[in-house]
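Chain and residue survey
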Amino acid sequence: PARPEATRANIEVDATSVDLGEAAWNSDMQGASWFDARQFPKATFVATGAKAVGGGRFEAPGKFTLKGVTRDVVATFTAKADAGGTLLEGTVPLKRTDFRIGEGVWADTTVVANDVAVRFKVYLKK
């Protein structure tokens, strides 16, 4: 938190780790219309800096890649340090159609919303 400009992040998420609470839905989400996890097994976020925006909040612009599409995004988060490390909690707002998520009949944003908030909670140990 004292030097946000020194922030560096390279986060990878396994596309098969989605869990909607039902095996059939999970399988659908890994298919070509959604995450296409076979062809694109990872989603990534890469940031090379952050800035304090007040009230204990920070912004980190970066590149988010999902399903072979890369877009500029801004992660907003809080950082709370303790004796063992720092807890980061925040969101990255996305438009799912920008990443070809929910193709075909699922592209209709009146059926599945286009605005998605990817929420994260990461504890960085010292």
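Check the entry above for the structure.
This part takes up the pattern of salt bridges. Going through the model one piece at a time under the given rule, you end up with 5 salt bridges. One salt bridge in this structure joins Asp115 and Lys95, with 2.4 Å as the shortest N-O distance. Residue Asp115 is found in strand β7 (residues 115–125), and its partner Lys95 is found in strand β6 (residues 85–95); the two are separated by 20 residues along the sequence. Looking at Lys95, the relative accessible area reads 37%, which means it is partly exposed. Salt bridges sharing common partners tie together Lys67, Arg100 and Glu103.

As a further point, take the environment of Leu87. In this structure, Leu87 sits in strand β6. Taking the C-alpha atoms as reference points, Leu87 and Leu124, separated by 37 residues in sequence, lie 6.3 Å from one another. Those residues in contact with Leu87 that lie beyond four places of it in its chain are Thr78, Ala79, Lys80, Lys121, Val122 and Tyr123.

Right, let's talk about the packing of aromatic side chains for a bit. Counted under the stated rule, the structure contains 3 aromatic pairs. Ring geometry for Phe58 and Phe77: centres 5.6 Å apart, planes at 20 degrees, overall stacked. Taken together, the residues span a long stretch of sequence, with Phe58 in strand β4 (residues 57–66) and Phe77 in strand β5 (residues 69–82) at a distance of 19 residues. Residue Phe77 is classed as buried on the basis of its relative accessible area, which comes to 9%.

In this fold, Asn114 is placed in the loop between β6 and β7. Each C-alpha atom, one on Asn114 and one on Trp25, is 18 Å from the other, the two residues being 89 residues apart in sequence. Setting aside residues no more than four positions away along its own chain, Asn114 makes contact with Leu94, Lys95, Arg96, Thr97 and Thr109.

Reading the values: the criteria
Residue indices begin from 1 for each chain and proceed along its sequence in written order. The predicted nature of this model means local features are confined to residues of pLDDT at least 70 and side-chain atom pairs, given and counted, to a pLDDT of 80 or more, with totals for whole chains, interfaces and linings taken over all residues. Note: side-chain values were computed over all heavy atoms of the structure, leaving out hydrogens and water. Any carboxyl oxygen of Asp or Glu that lies within 4 Å of a side-chain nitrogen of Lys or Arg is treated as forming a salt bridge with it. Helix numbers and strand numbers start at the N terminus; a helix is a DSSP run of H or I with at least 4 residues, a strand a run of E with at least 2. Burial classes: relative accessible area under 20% of the type maximum marks a residue as buried, over 50% as exposed, and values in between as partly exposed (1.4 Å probe, protein chains only). Residues are treated as being in contact if the distance between any of their heavy atoms lies within 4.5 Å. Here the aromatic set is Phe, Tyr and Trp, taking the six-membered ring for Trp, and pairing holds for ring centres within 6.5 Å; pairs whose planes are under 30 degrees apart are stacked, those over 60 apart are edge-to-face, and all others are tilted.

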